[in-house]
Amino acid sequence: MSGFVFNEKPINIESGEGAYLYGSDGTEYLDFGASYAVAALGHAHPAVTDAVQKQAEKLTYVQASYPVDVRTELYEKLAAVAPDGLENVWLCNSGTEANEAAMKFARSATDRSKIIATKRGFHGRTMGALAMTWKDKYKKPFEPLAGDVEFVTYGDEAELAEAIDEETAAVFLEPVQGEGGIHPAGTEYLQTARKLTEEAGAALAFDEIQTGIGRTGTLWACEGAGVTPDILTSAKGIANGLPLGATLVADWIAENPGNHGSTFSGGPVVCAAANATLDTIVEEDYPSHAAAVGEYLKAELEAAAEEHDLPVRDVRGQGLMLGVQVKRGANRVLKNLAISEQVLALPAGRTVVRLLPPLVVTEGHADEFVESFVEVTK
Ligand SMILES: *Cc1c(COP(=O)(O)O)cnc(C)c1O
């Protein structure tokens, strides 16, 4: 992965704690990227570390067909927090695999092949998920992909209505586009997508790999919109750094157990990490915390942009999934943040500074970020 920071100043990360990462030279970095939302509870969260250590001492792996308590527990936990009706859980090892499974299940359940995805959308880099991903840069060298995907303009209800037909197996949407520049779909669009897919007998699949696990202010972004899809995919923050993906599906989508699977899916150590992560997020109500701190951060950024006349076009997003659209290129801002301020964030396209801080950040961390942002953009 090309790095705006790493080319100029290699930062060799050695450890982390909460919202901070520490370089091997002792430098402390405020982490407002959480490595693409993976460190949902921050780095080296004690509950997760403890669960991983204890499980590693007991059993690191057993094949997925042998029941093991820690995995059964995760199935139950995910079913308990799943949006209504999505209690059928498939585990895998990454986001792209969760979407691959979703594509397979939708095709199998509907006996149709056409998939509708959105412009600017991102769903992963394996051949199926990549086929639903918009950017040519990711796709072109590897074509032909697992085709029959039609792209529509994200947020355009008429175009979606036009595209969905009796051949459509599924519509794949991110409730808030992440990689594409932090664009919330808006409740109405998601509701319309729900209505149109239902009428056409197609599955509605929400890719919540980035929006899920509390990031947008509810455990799943679809809850905030009051829309329940037929398929929901999760990964990124679900095990706070261990590789886990999950595909949650409605009864009519659920596949026979023998029809799909993978060797490492639902390994005990990963499941232990996910159980600890989910428990902590739910018990300590991090979704509400993300909503509150996110709102504060967004308001402070808007106020600072106005007060200091910063080159900012827009601050948008939901909860702790925010995008700051800047006038002169995001990478320069990100590089200066990292090098001069020891603050890490992410790009989303050329002009958007993407903020996905750990959900444990406080208003104090938000102040710290805004101060640094003003420093490098004023
Ligand atoms: C990161 C991401 C993926 C891909 O997940 P991987 O674990 O990198 O395969 C898919 N969809 C969305 C929305 C993502 O943010």
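Residues numbered from 1 in each chain as written. Predicted model: local features only at pLDDT ≥ 70, side-chain atom pairs only at ≥ 80, totals over all residues. Heavy atoms only, no water.

(A) Main features of a positive patch on the surface. Judged by side-chain charge, Arg313, Lys327, Arg328 and Arg332 come together as a positively charged surface patch. As for its position among the elements, Lys327 is in the loop between β14 (321-326) and α12 (330-341). Among the residues examined, Lys327 registers a relative accessible area of 45% and is labelled partly exposed. (Patch = residues over 30% accessible without salt bridge, like charges linked within 9 Å, V, L, I, M, F, W, Y side chains within 5 Å. Areas by Shrake-Rupley, 256 points an atom, 1.4 Å probe, with all protein chains shown as cover. Salt bridge = Lys/Arg side-chain N within 4 Å of Asp/Glu carboxyl O. Lys, Arg positive; Asp, Glu negative; His and termini not counted. Charge placed at Lys NZ, Arg CZ, Asp CG, Glu CD. Helix = DSSP H or I, 4+ residues; strand = E, 2+ residues; numbered from the N terminus. Buried < 20%, exposed > 50% of the residue type's maximum accessible area, 1.4 Å probe, protein only.)

(B) Representation of the UniProt feature "binding site: pyridoxal 5'-phosphate" (unreviewed entry) in the protein. UniProt records the feature "binding site: pyridoxal 5'-phosphate" (unreviewed entry) at Gly95, Thr96, Phe122, Asp207, Glu208, Ile209, Gln210 and Thr263, using the numbering of this structure. Spanning 169 residues, the named residues are also spread out in space, since their farthest C-alpha pair is 25.6 Å apart. Note on placement: Asp207 falls in strand β10 (residues 203-207). Asp207 sits in the buried class, given a relative accessible area of 5%. With residues up to four places along the chain from it excluded, the contact list for Asp207 reads Asn99, Phe122, His123, Leu173, Glu174, Pro175 and Thr233. A polar side-chain atom of Asp207 sits 3.0 Å from a polar atom in the side chain of Asn99. Residue classification places Ile209 among the buried positions, given a relative accessible area of 9%. Setting aside residues no more than four positions away along its own chain, Ile209 makes contact with Gly95, Asn99, Thr233, Ser234, Ala235 and Lys236. (UniProt positions renumbered as here; feature names shortened; annotations may be inferred. Contact = heavy atoms within 4.5 Å. Polar contact = N/O pair within 3.5 Å; in protein donor to acceptor, adjacent residues only side chain to side chain.)

(C) Spatial organisation of the sheet that holds strand β17 (residues 352-355). As summarised here, the arrangement of the four strands in space is β13-β14-β17-β16, forming an open sheet in which the pairing is antiparallel. At either margin of the open sheet sits one strand with a lone partner, and together these are β13 (312-318) and β16 (346-347). Alignment of β16 against β17, held across two bridges, turns out to be antiparallel. Bridge pairing in β17 links Leu346 to Arg354. Lying on the sheet, helix α11 (residues 286-307) is in contact with β13, β14 and β17; it crosses β13 at an angle near 175°. Against the sheet, α12 engages β14, β16 and β17, with an angle of about 50° to β17. (Pairing = 2+ DSSP bridges. Axes fitted to C-alpha atoms, helices over the stretch in contact; angles between N-to-C directions.)

(D) Examining the domain arrangement of the protein more closely. As assigned here, the protein comprises domain 1 (13-45 + 285-377) and domain 2 (46-283). Centre-to-centre, using C-alpha coordinates, domain 1 lies 25 Å away from domain 2. The interface is formed by 31 residues belonging to domain 1 together with 30 residues belonging to domain 2. A per-residue breakdown of the area domain 1 buries against domain 2 is headed by His45, Gln318 and Met321, which together make up 29% of the total. In this assembly, domain 1 and domain 2 are joined by one salt bridge. Between Glu179 and Arg354 there is a salt bridge; the shortest N-O distance is 3.2 Å. Counting across the interface, domain 1 meets domain 2 through 18 residue pairs in polar contact (both at pLDDT 80 or more). Only α1 (34-37), α11, β13, β14 and β17 provide two or more residues apiece to the side of domain 1 that touches domain 2. Per-element accounting of the side of domain 1 that touches domain 2 gives the leading share, five residues, to α11. (Domains from an automatic or database assignment. Buried area = accessible area lost by both parts, 1.4 Å probe.)

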